[in-house]
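# Examination of the molecular architecture
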Amino acid sequence: MRYAILLLDAPYTSQAAHSALRFTRALLAGGHVVDGVFFYHDGVHNAARLAAPPQDEPHLVDAWAELGREHAVPLQVCIAAALRRGLLDEKEAARHGKQGFSVEPPFELTGLGQLVDLGLRCDRLITFGP
Amino acid sequence: MRYAILLLDAPYTSQAAHSALRFTRALLAGGHVVDGVFFYHDGVHNAARLAAPPQDEPHLVDAWAELGREHAVPLQVCIAAALRRGLLDEKEAARHGKQGFSVEPPFELTGLGQLVDLGLRCDRLITFGP
Amino acid sequence: MLLHTLNRSPRSPVLDQVLAAMGPEDRLLLIEDAVIGALPAHQGRFESVTGRVYALHEDLASRGLLALCDEAVRVVDIAGFVALTEECERTVSWY
Amino acid sequence: MLLHTLNRSPRSPVLDQVLAAMGPEDRLLLIEDAVIGALPAHQGRFESVTGRVYALHEDLASRGLLALCDEAVRVVDIAGFVALTEECERTVSWY
Amino acid sequence: MQDETPPADLLVILRHAPHGSSWLKEGLDVALVAAAFDRRVTLLFMGEGITALLEGQQAGPLGQKGTAATLAMLEMYDIDSLLVEERGMDELGLTSEQLMLPVRRVADAEIPGLLADHALVLNF
Amino acid sequence: MQDETPPADLLVILRHAPHGSSWLKEGLDVALVAAAFDRRVTLLFMGEGITALLEGQQAGPLGQKGTAATLAMLEMYDIDSLLVEERGMDELGLTSEQLMLPVRRVADAEIPGLLADHALVLNF
């Protein structure tokens with residue numbers, strides 16, 4: 001089946017990101033297609049390229065990026081939720097006159113319309129909240 | 001009296017940061033001394049220098065920085081909580097091999113011992129949670 | 001005498017925790033989402049601390065709750081919040 | 001038939017919301033903090049949906065709750081979670 | 001009304017009060033975007049989410065906009081299916097006359113059917 | 001015991017379960033730092049926070065460490081005043097024998113005095 005994942009909380013703050021990552025890996029292992037992982041609300045912090053968790057804890061940002069690259073799963077970050085939380089890619093940083101950026105590929109900033117589209121296009125949308 | 005503030009949630013996600021900012025301003029207006037604002041848990045996101053909220057919403061990061069500068073209030077960010085959440089100053093970014101940084105003065109990364117010290121040294125510690 | 005602040009709705013189990021922790025003189029200040037607790041329908045939840053419940057004016061006003069606030073709840077503004085923290089020896093926040 | 005997931009403790013008012021929203025065939029999967037609801041002491045809260053309550057094995061195990069889990073609760077691992085989402089037409093998450 | 005027209009595409013459940021968190025705003029944003037893309041949207045207000053509909057809301061003391069202005073725009077987006085959980089109304093002690101928009105009260109028993117009838121259900 | 005020694009400096013209230021959020025870990029971190037600075041610390045486990053003390057906890061499936069190892073170190077930090085809310089124990093249906101560390105059960109009526117007796121109270 002075609003699945004989409006909606007993730008609504010940051011790593012380390014709650015377990016939501018850990019659950020979502022494991023579930024997504026299990027989908028792929030089970031032969032399903034994952035059309036996208038959409039990061040909304042505090043879920044946008046999963047794209048924080050500067051995250052430096054302790055070495056003995058799982059690195060969620062890197063794990064999502066690896067999953068996205070290896071399985072060609074789009075990692076879509078709500079741009080409105082991201083900007084107010086300090087998550088900008090190079091383009092948005094330039095547009096807002098900020099030096100430096102905090103989001104990089106394979107994460108992509110995108111609009112909320114993508115979430116609606118994913119939800120209606122896929123067979124299943126599974127949400128992980130805080 | 002001498003006050004300390006402990007802030008535990010990010011701006012925009014909950015109202016905690018707004019309440020803490022208003023309360024701190026009211027303390028200063030009332031002639032109290034604020035020995036420090038300590039940012040812990042998701043409160044560390046108040047130091048996100050890349051935050052770009054909509055023009056018609058209050059800019060909490062800038063508001064804290066202005067309060068810190070104008071009233072010489074230390075803005076202390078728990079370093080352990082910050083690193084795992086992608087909030088690094090220039091020094092920590094270099095130490096972790098990251099290009100770019102997400103925290104700048106007047107916010108300062110510091111240890112949790114500062115929170116205990118503030119709490120026991122001041123007459124009052126007021127916490128704002130999510 | 002301690003001040004307790006609460007920012008969760010009266011349906012939250014956190015309200016049970018703060019009520020258990022309040023001494024006979026302690027005061028309770030409702031802020032943020034907790035000001036919904038100032039509605040008359042919720043006053044039964046605050047029976048054990050009646051007369052010692054405060055609510056933040058600005059948070060009632062922004063939510064359209066100012067006119068609906070029960071008369072047993074004392075309304076204070078942010079300066080009143082500061083005054084409560086001065087009068088009470090310590091403030092414990094419940095969230 | 002829908003699958004509902006819950007990640008909050010059984011003392012949370014969110015449990016009332018999910019119970020109100022469950023149809024007669026719907027299933028409930030407890031994950032994260034919600035697996036505390038698998039304790040025998042909490043089974044009264046799940047009376048209306050007995051036999052349709054699942055709990056995630058990994059979350060029970062990490063919390064030391066595996067051996068304490070009520071026998072009315074069906075334990076599934078992450079692959080079982082995936083299977084539930086396949087069988088149910090839609091999944092609604094409560095948090 | 002609801003019963004005579006085909007079910008909408010998207011059910012957005014709003015369970016959080018205004019001002020206290022961004023959940024309500026972010027849930028409404030999804031509804032508005034879906035409506036702008038010509039999707040039919042139903043809103044269900046549960047629990048404290050019902051207070052989003054109270055008359056007389058204002059900006060917050062730092063100028064936070066809140067969500068009342070967004071709710072007032074729903075009609076422009078052709079979002080006119082506003083449901084409120086009857087039990088939540090009773091627990092808050094509120095009546096429909098105290099709300100800023102016309103709503104339909106739904107009993108607990110109707111809620112499972114609502115969830116089953118929408119192609120997509122998002123919970124905020 | 002508790003009653004015969006002078007009150008500790010810091011009361012840390014732990015109300016959250018392990019693994020589900022970082023609250024428990026971050027609350028314990030404050031307690032450990034305070035103890036390392038020679039402050040006397042009392043821990044009060046309330047509600048689901050009590051499950052932090054359950055025997056047999058493991059790492060999470062992604063290798064998340066959890067907090068059981070930290071709790072096992074408390075004695076090294078001279079944090080030996082571990083209190084659990086009696087009502088919370090009853091609601092969970094747990095007995096002291098199921099916990100990994102010796103604790104003192106406190107009745108609701110004792111909790112206000114605990115808060116009043118500590119110079120600093122932090123709630124997690």
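Owing to the predicted nature of the structure, the values given are computational and were not obtained by experimental measurement.

### Description of the interface of chain B and chain E
In this assembly, 11 residues from chain B lie in contact with nine residues from chain E. The contact between chain B and chain E buries some 880 Å² in all, and 54% of this surface belongs to carbon and sulfur atoms. If you look at where chain B meets chain E, you find one salt bridge. Taking the shortest distance from any N to any O, the salt bridge between aspartate 56 of chain B and lysine 65 of chain E comes out at 2.9 Å. On the surface where chain B and chain E come into contact, there are four residue pairs in polar contact (both at pLDDT 80 or more). In terms of residue class, the side of chain B that touches chain E is built from three nonpolar, four polar and four charged.

### A word on the sheet that holds strand β1 (residues 10–14) of chain E
Residues and elements named next belong to chain E. Reading across the sheet, the five strands line up as β4-β3-β2-β1-β5 and stay open at both edges, with parallel pairing between neighbours. Looking at which strands have only one partner, the edges of the open sheet turn out to be β4 (104–106) and β5 (120–123). When the angles between neighbouring strand axes are averaged without regard to direction, this sheet yields 25°. One ladder, built from four bridges, connects β1 with β5; its direction is parallel.

### Remarks on the relation of the copies chain A and chain B
Put simply, the second copy of the chain is the first one after a rotation about an axis and a shift along it. Mapping chain A onto chain B leaves a residual RMSD of 0.0 Å; the transformation is a rotation of 180° accompanied by 0.0 Å of translation along its axis. Here the two chains are linked by the operation of a two-fold rotation axis. Minimal C-alpha separation from the rotation axis in chain A is found for glycine 100 of chain A, amounting to 2.8 Å. A share of 100% of interface residues in chain A that are also interface residues in chain B marks the association as one of identical surfaces.

### Quick look at helix α2 (residues 60–70) of chain B
Residue and element names in this part refer to chain B. Among the residues making up α2, those that are buried are Leu60, Val61, Ala63, Trp64, Ala65, Leu67 and Gly68. Residues of α2 that are buried in the fold lie against β1 (2–7), α1 (16–29), β2 (33–39), β3 (75–78) and β4 (107–110). Phi turns positive one or two residues past the end of α2, at alanine 72, with a value near 50°.

### Looking at the packing of helix α1 (residues 16–29) of chain A against helix α3 (residues 78–87) of chain D
Helices that pack against each other are described as a pair by the angle of their axes relative to one another and the distance between those axes. As a packed pair, α1 of chain A and α3 of chain D sit with axes 9 Å apart at the nearest point and diverge in direction by 75°. Considered as vectors, α1 of chain A and α3 of chain D are oriented roughly perpendicular to each other. Note on element contacts: α3 of chain D touches α1 of chain A through Ile78, Phe81, Val82 and Thr85 of chain D, opposite Arg22, Phe23, Ala26 and Leu27 of chain A. Tallied by class, residues from the contact of α1 of chain A with α3 of chain D come to six nonpolar, one polar and one charged.

### Considerations on a negative patch on the surface
All names here are of chain E. Together, Asp38, Glu75, Asp78 and Asp80 line one region of the surface with negative charge. On the secondary structure map, aspartate 78 appears in the loop between α2 (68–72) and β3 (81–85). According to the relative accessible area criterion, aspartate 78 is exposed, its value standing at 65%.

### What to know about the pairing of strand β3 (residues 53–56) of chain D
All names here are of chain D. Burial along β3 is two-sided: the face carrying Val53 and Ala55 and the face carrying Tyr54 and Leu56 are both buried. Bridge count between strand β2 (residues 27–30) and β3: three bridges; the pairing is parallel. Bridge assignment links leucine 29 to a residue of β3, and that residue is tyrosine 54. As for the winding sense of the linkage, the β-α-β connection from β3 through helix α2 (residues 57–62) to strand β4 (residues 74–76) is right-handed.

### Regarding the arrangement of the chains
Contacts between protein chains span 12 pairs of chains, and they are most numerous for chains A and B. Contact between chain A and chain C is absent, and the minimum C-alpha spacing across the pair is 15 Å. Regarding chain B and chain D, the two do not touch, and the least distance separating their C-alpha atoms is 15 Å.

### A closer look at the pairing of strand β3 (residues 53–56) of chain C
Judged from the three bridges that link them, β3 of chain C and strand β4 (residues 74–76) of chain C form a sheet pairing that is parallel. Residue alanine 55 of chain C lies in a different strand from β4 of chain C, and its bridge partner there is valine 75 of chain C.

### Observations regarding the packing of aromatic side chains
Residues and elements named next belong to chain B. This model, assessed by the stated rule, comprises 18 aromatic pairs over all chains. Measuring from centroid to centroid gives 6.3 Å for tyrosine 3 and phenylalanine 23, while their planes differ by 65°, and the two rings are edge-to-face. Separated by 20 residues along the polypeptide, tyrosine 3 in strand β1 and phenylalanine 23 in helix α1 bring together distant segments of the chain. Looking at phenylalanine 23, the relative accessible area reads 0%, which means it is buried.

### Points about the interface of chain A and chain B
If you look at the interface, chain A gives 24 residues, while chain B gives 24 residues. Interface area for chain A against chain B, summed over the two sides, is near 2000 Å², with a carbon-plus-sulfur share of 55%. Contact with chain B buries surface across chain A, with Leu50, Ala52 and Arg84 of chain A losing the most and accounting together for 32% of the total. At the boundary of chain A with chain B, the tally comes to zero salt bridges. For the pair chain A and chain B, the interface holds 11 residue pairs in polar contact (both at pLDDT 80 or more). Taken together, the residues that form the side of chain A that touches chain B break down as 10 nonpolar, nine polar and five charged.

### Here we look at the environment of methionine 1 of chain B
Within the secondary structure, methionine 1 of chain B is located in the segment before β1. Taking relative accessible area as the criterion, methionine 1 of chain B reaches 40% and is therefore assigned partly exposed. Distance from methionine 1 of chain B to histidine 32 of chain B, taken between C-alpha atoms, is 5.2 Å for residues 31 residues apart in sequence. Among residues more than four places away in sequence, those in contact with methionine 1 of chain B are His32, Val33, Asp123 and Arg124 of chain B together with Glu86 of chain C.

Cut-offs used in this document
Residues numbered from 1 in each chain as written. Chains lettered and ligands numbered in written order. Predicted model: local features only at pLDDT ≥ 70, side-chain atom pairs only at ≥ 80, totals over all residues. Heavy atoms only, no water. Contact = heavy atoms within 4.5 Å. Buried area = accessible area lost by both parts, 1.4 Å probe. Salt bridge = Lys/Arg side-chain N within 4 Å of Asp/Glu carboxyl O. Polar contact = N/O pair within 3.5 Å; in protein donor to acceptor, adjacent residues only side chain to side chain. Nonpolar A, V, L, I, M, F, W, Y, C, P; charged D, E, K, R; others polar. Pairing = 2+ DSSP bridges. Helix = DSSP H or I, 4+ residues; strand = E, 2+ residues; numbered from the N terminus. Axes fitted to C-alpha atoms, helices over the stretch in contact; angles between N-to-C directions. Least-squares fit on C-alpha atoms with pLDDT ≥ 70 in both. Buried < 20%, exposed > 50% of the residue type's maximum accessible area, 1.4 Å probe, protein only. Parallel < 35°, antiparallel > 145°, perpendicular 65-115°, else oblique. Patch = residues over 30% accessible without salt bridge, like charges linked within 9 Å, V, L, I, M, F, W, Y side chains within 5 Å. Areas by Shrake-Rupley, 256 points an atom, 1.4 Å probe, with all protein chains shown as cover. Lys, Arg positive; Asp, Glu negative; His and termini not counted. Charge placed at Lys NZ, Arg CZ, Asp CG, Glu CD. Right-handed = clockwise from strand over helix to strand, strands pointing away. Phe/Tyr/Trp six-rings, centres within 6.5 Å; stacked < 30°, edge-to-face > 60°.

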